[in-house]
Each structure stands twice: as C-alpha cells, then as structure tokens.
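Per-entry structural report
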Amino acid sequence: MSSSRTVRKLEVESPVPADIDIANSVEPFHISEIAKDLNLSPNHYDLYGKYKAKVLLSVLDELEGNDDGYYVVVGGITPTPLGEGKSTTTVGLCQALGAHLDRKVITCLRQPSQGPTFGIKGGAAGGGYSQVIPMDEFNLHLTGDIHAITAANNLLAAAIDTRIFHESSQSDKALFNRLCPPNKEGKRKFSDIMFRRLKKLGITKTQPEDLTPEEVTKFARLDIDPNSITWRRVMDVNDRFLRKITVGQGPEEKGMVRETGFDISVASEIMAVLALTTSLADMRERLGKMVIGNSKAGDPVTADDLGVGGALTVLMKDAIHPTLMQTLEGTPVLVHAGPFANIAHGNSSVVADKIALKLVGPHGFVVTEAGFGADIGTEKFMNIKCRYSDLRPQCAVIVATIRALKMHGGGPEVVAGKPLDPAYLNENVPLVEAGCENLARHIVNTKAYGVNVVVAVNKFSTDTEAEMNAVIHASMVAGAFNAVICTHHAHGGKGAVELGVAVQKACMSVNQPLHYLYPLDISIKEKIEAIAKSYGASGVEYSEQAEKQIEMYSRQGFSGLPICMAKTQYSFSHNAAQKGAPSGFILPIRDVRASIGAGFIYPLVGTMSTMPGLPTRPCFYEIDLDTTTGKVIGLS
C-alpha cells in the first residue's frame, strides 16, 4: 500500500500547530481514490461531497466468502478529563501500519457527538499529525446519522404520549375504528405492521371485522402505564436543564402532565441498535422490539405495538451505511455510530468492522476504538459487541499517559480549562509508579479475555525517559505482550511505527478463543456482580427501584441479555474522585433499564447522568467560521 498515490508524506512542524490548522493545511484526496485503494467500485458507495462516501452494506454480501484481516481494539487506562489521546493513537497506529509498514489497514471510529465537540472535551478526530480529515466535517454533521437517530427517537416519544392521550378519551370500539378506518368501499383492513401485534397477542384472524369484542380491546388498547415509561426524548447537545422536565401542560392535553426528561442523542437506544445491527432486516427487527415501558398489567410495550417500527427504519435507512473518510496520511477510515461508553456500549458499528475486515483481507488490519477506559469500553466491546458480531480480536491496545498515571498515583486534580499543576510537568517517577496500579488492573482484566495486550504510552514533551521506562516495566510485569513509546501526535504514523510492529507481532501470536467475563445464562444480578468484581468492588448494593426493575425484566424473559453498565469513566468505582485501582468498595446500582432492541440490560451506577451539562467555559467559545475562506476555526 505504500506505493499507492493515496499515501501522503507529512511535513511536520515543531511545535505542533493547532489541530484544526494542521487539518486545514492538507487537501484531502477525493474519496473515490481512497475507495479505489480498497477495491471498491462506484456502485459500492454513495458520495457525500468530495471527501465522504457511504459504503453500502451490499459490499458485505459480495465479500462474504473472503477471509478476515486481523482485528485490533484500542482502549485506555482510566482517563483524566482532558482525554489521553486514544483516538489520536488509533489513527496514528493506522497511519503507521498503512503508510509506513505497507499493510492494508482500515480505522473504525465512532461519529463524534456535538455534546463534547461544543462542550468540554472537543472533537474526536484524533489530534496533531494523527487525525481524520476533513476534521470539521468529521466533528460536525458528517452525513447526518445522529440527526436521523434524533428524529427517529423523538418520533417514538411523540407516538407514546399521543397513544396515551387518545386512549384516555375513547372507547375501545372508537379506538379500534380509528386504528382500522374503512376505505372508500367501506372495508377495513389491518396495516402490515398491525399483524406483528396480532401475532404477539396470539390472534390469527386477518380481517378486522372478525375480531371478538375481547380481541378488539386487547388489540386496540395498549393501556400504557405512564409511570413505567423509560423512553425519553433526545437532542445532541449538552443541556443539563432538560434532564428533568414535564410534558403535557398545554390546555389541549387535558391535564395529562407527565414528568420525563431528555438524554443526549448518542445515549438513545436507537444509536445502540445502529451500532450492533448486522443488516437492514436485523435493524428493522431490533427497532420494532424496543421496549418503551409496560402496560398497567405489567406486559412490555414495544415500538411495533405502537405501529411505528417501520417508520423508524425508514428514518434510519441511510444511517445504516458506514461513512468512508481518510487520515492525514491517506489511509482509509470507516466512521459509524457513536454511543458513549459511560452511558451506552461505546463502540463503533459491527457492520463497519465486518466490512473493514473483508476489505483488508487476511494479511490486513482493522483497528477499532472502544470508548473511555478499558473497564468500560473494552469490557463492553468484548461482552456485548463481540457476542453479537461473532468477531474476536487478536490484540487489545491500552493507551496510557504519564499525566494520567501521575493523577492515579495521587497527583493533584486535573481540571479541564485550568493549567496543569507543576507535578504533571516535572519528573516524578514515584508518582508514576504508584499510578501504574491503574494500568496494571486494565492489563490483567483485558488479558483475561484471551487477547494479547500492547500498551501504547502516548508521549508528551514534558515526559522524561525515567518516567516512561517505569511505565514500560510496570506494563510487562502486569502481563502485557509489549509496551512502547509513541510520538504520533508530533510525527504522525512515523511516531507509531514501533507500536505498529508490536501490534502485528501480538496479532500473529495469539490463537486461543475469546473468553467472556460472564455467561449469558446466569441471573442479571450475577452478571452485574461479575462486572463489579472486575472493577475491584467487593459487593453490589441495589436501590429499591433497581430491585423492582430486575425482578420485572427477569419475569418478562429478558434476563439472558448481556449487561451494559452506565458508570463514570473517571474511576474504576462509582466515585469519580476515587483514583488508582480502588478495591473493597460497594458498587451502588441506582436503577436498571433495558434496551431490548439493542439487546442489553443497563444498570445506572451511582449518580451517572444520561444528559451531560456544559461547563462554565465550553469549547464553543473558540469555534467560529472564517467568512473569507469559509473554513471552520477553533475546533479541537
């Protein structure tokens, strides 16, 4: 691949310019050139401008008989609020493999949410000389997938409240007559989606007039219990004041006030469905099976019961196709889905990874990123994503920084927007060594899945050789396959060549099956407790609400699903201030919810919120448009 015209030689500057300035200094290749390198013909993709294209799922069918490439997942240690460069390392590793080590490679990343982009963390295109470009398009609307998710989610929310409203004021007969209105000839018929509800109810009749009065009631009246509704509205903005709201205060709603709230769009179950689906037909089934709450009799009510599953699929029909982009050095990237790892499963899509593995072939590499620390993103990658995809990684990369390790060793608090304490800018080997207990636990936990672990130490200019040597030593003692220093932020793929070599060797020397953390046939509580134990907890404490939900989901037949913990990303525990590798704590489960369409149960740990808030000085202070050139400035 090194001879391909789509590999670009970087001219690096020192000190490293701002991310957006680097991104704007490079003219991307036309995306058709990137596609051609992957042997994609024009009928395999739809262009979205010059630098983005949707790769169609039909590619998977055409390549079904091809062998897969090597599969690498990138996670990290427990991060600081500044992030430790996991996306940057993912991109840098792929630039090293593709532009310097002559390997076919595809990077698989999530689409960034506008929440962090305009909030506290900035974008997720990587950084320095290891970025996805065009950076502004990647970090903003891209191809509209998150907007599609937002629209579909809120259509379902509207359908729920509307159905409750209409059922409250109509008799069973009137409700049935409006659901199945006569046509011009005076004949009634069920719409196609209604047969899904009839089948669920065990009604085999095909003509509306054949239903008995009892069957009419069962079919027409969902009888949703407003107190059981778990489906919330979403928007892709950090807006703390929407966490708890009331709806139905207008005079036309006849006093039907209900307390609810908003989640951020990437926390929507529809996002999780997109990330875990395997085909258009599979997505249709998953969207229809999503449970929004219960009837007053305690039965689950689904999107298909509300008659909206087909419409949701129509809104999502383009979003199911991954978006092809490129790195600064011209290596290909597939961007798809964007669930947060602290409140969802935090991984890019199964279909993007599957397409990528076929495209690179048996000697190529697919590098996919798992969100936040390995306790969250990598755990969910293994136990949820790999279960549903039947894929297994050969290597897991854990990204570490001296800065984060010093914090875990007892260093001062790291606060976004405030200058770093001198402890992080001057050599302090004992502080680094103390913090390596966090890294060691991540290594041990990840290695237990049966993959080789390579530690990537993301080097900052203030890091010293003694500090980095301490991390490498601690990594090898903890059982890492290898640990290497990386300078990809400053040097692009050239600065991650050693990491690329280590990853290749790690992939080629593992042959054991994937070991999951827990089997699916144990109880919900047993699965929660297995994950809590991996965090270092000695036990789990359930609120009354959590106990009630677990009992209900078990009764409804959902106990065989995997678990997706909604937990702070800043600690192994539920307490963000608890650094290092805490142990012996009791993990509190505040509530338990279910994403039945996506296929997991998600417990809410401690005070975890599904709608982030903006800081005092959000990133949007820096973001503007150069009205002369039309280029975005200030993105980070």
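Fair warning: this is a prediction, and the values are worked out from it, not measured in the lab.

This next bit is on the state of the cysteines. Tallied over the entire structure, the rule returns zero disulfides. Free of any disulfide, Cys 108 has its nearest cysteine sulfur in Cys 94, 8.3 Å distant. Using a relative accessible area of 0% as the deciding quantity, one classes Cys 108 as buried. Just so you know, Cys 564 is unpaired, no disulfide at all, and the nearest cysteine sulfur is the one on Cys 386, 14 Å from it.

Mapped onto the elements of the fold, His 442 is located in helix 17 (residues 429-447). The contact partners of His 442, leaving out residues within four places of it in the chain, are Gly 76, Ile 77, Thr 78, Gly 373, Ala 374, Asp 375, Ile 398 and Phe 572.

It is worth spelling out the nonpolar core at this point. In this structure, Leu 156 and Met 316 are the most contacted members of the largest nonpolar core, which totals 87 residues. Those residues within four positions of Met 316 in sequence are excluded, and the remaining contacts are Ala 148, Ile 149, Ala 152, Ile 270, Leu 274, Met 283 and Leu 287. Membership of the second largest hydrophobic core comes to 26 residues, among which are Ile 531, Ala 532, Ala 537 and Phe 558.

Glancing now at the layout of surface pockets. Leftover empty space is mapped by rolling, across the atoms, a probe with the size of a water molecule. Considered as a void within the structure, the second largest pocket measures approximately 910 Å³ in volume. Around the second largest pocket, the lining is made up of 34 residues, and of these Asn 227, Ile 229, Gln 545, Asp 591 and Arg 593 lie nearest the centre. Of all the secondary-structure elements, those providing two or more residues to the lining of the second largest pocket are strand 9 (258-260), strand 11 (291-294), helix 22 (544-555) and strand 20 (586-595). Per-element tally for the lining of the second largest pocket: the top contributor is helix 22, with five residues. Here the lining of the second largest pocket is built from residues that sort into ten nonpolar, 13 polar and eleven charged.

The subject of this paragraph is the sheet that holds strand 20. Read from one edge of the open sheet, three strands run 19-20-21, paired in mixed fashion. This sheet does not close on itself; its edge strands, each paired only once, are strand 19 (539-542) and strand 21 (600-605). Put simply, the sheet's adjacent strands are angled 50° from each other on average, direction ignored. Note: strand 20 against strand 21, six bridges, orientation antiparallel.

Of all five residues making up strand 4 (residues 105-109), five are buried, and the element is well covered by its neighbours. Side chains Val 105, Thr 107 and Leu 109 of strand 4 all project onto a buried face; the interleaved residues Ile 106 and Cys 108 project onto the opposite face, where all are buried too. Bridging between strand 4 and strand 15 (residues 365-369) involves four bridges; their strand directions are parallel. Following the sheet pairing, Cys 108 is matched in strand 15 by Thr 368. Pairing of strand 4 with strand 14 (residues 332-335), which is carried by three bridges, proceeds in the parallel orientation.

All right, on to helix 21 (residues 524-535) then. Across its twelve residues, helix 21 extends 17 Å between first and last C-alpha, which sits within 8% of the 16 Å expected from 1.5 Å per residue. For helix 21, the complete set of buried residues consists of Ile 524, Lys 527, Ile 528, Ile 531, Ala 532, Ser 534 and Tyr 535. Viewed along the axis of helix 21, the buried residues span an arc of 155°, placing them on a single side of the element. Packed against the buried residues of helix 21 are helix 15 (374-389), helix 17, strand 19, helix 22, strand 20 and strand 21. Of the residues one or two after helix 21, Gly 536 is the one with positive phi, at around 110°.

Conventions used here
- Residues numbered from 1 in each chain as written.
- Predicted model: local features only at pLDDT ≥ 70, side-chain atom pairs only at ≥ 80, totals over all residues.
- Heavy atoms only, no water.
- Disulfide = S-S within 2.5 Å.
- Buried < 20%, exposed > 50% of the residue type's maximum accessible area, 1.4 Å probe, protein only.
- Helix = DSSP H or I, 4+ residues; strand = E, 2+ residues; numbered from the N terminus.
- Contact = heavy atoms within 4.5 Å.
- Core = buried A, V, L, I, M, F, W, Y, C linked by side-chain atoms within 4.5 Å.
- 1 Å grid on protein atoms, 1.4 Å probe; cavity = no way out; pocket = protein on both sides within 12 Å on 5 of 7 lines; lining within 4 Å.
- Points joined across faces, edges and corners; volume = space filled by probe spheres on them.
- Nonpolar A, V, L, I, M, F, W, Y, C, P; charged D, E, K, R; others polar.
- Pairing = 2+ DSSP bridges.
- Axes fitted to C-alpha atoms, helices over the stretch in contact; angles between N-to-C directions.
- Expected span 1.5 Å × (residues − 1).
- Arc of directions from axis to C-beta.

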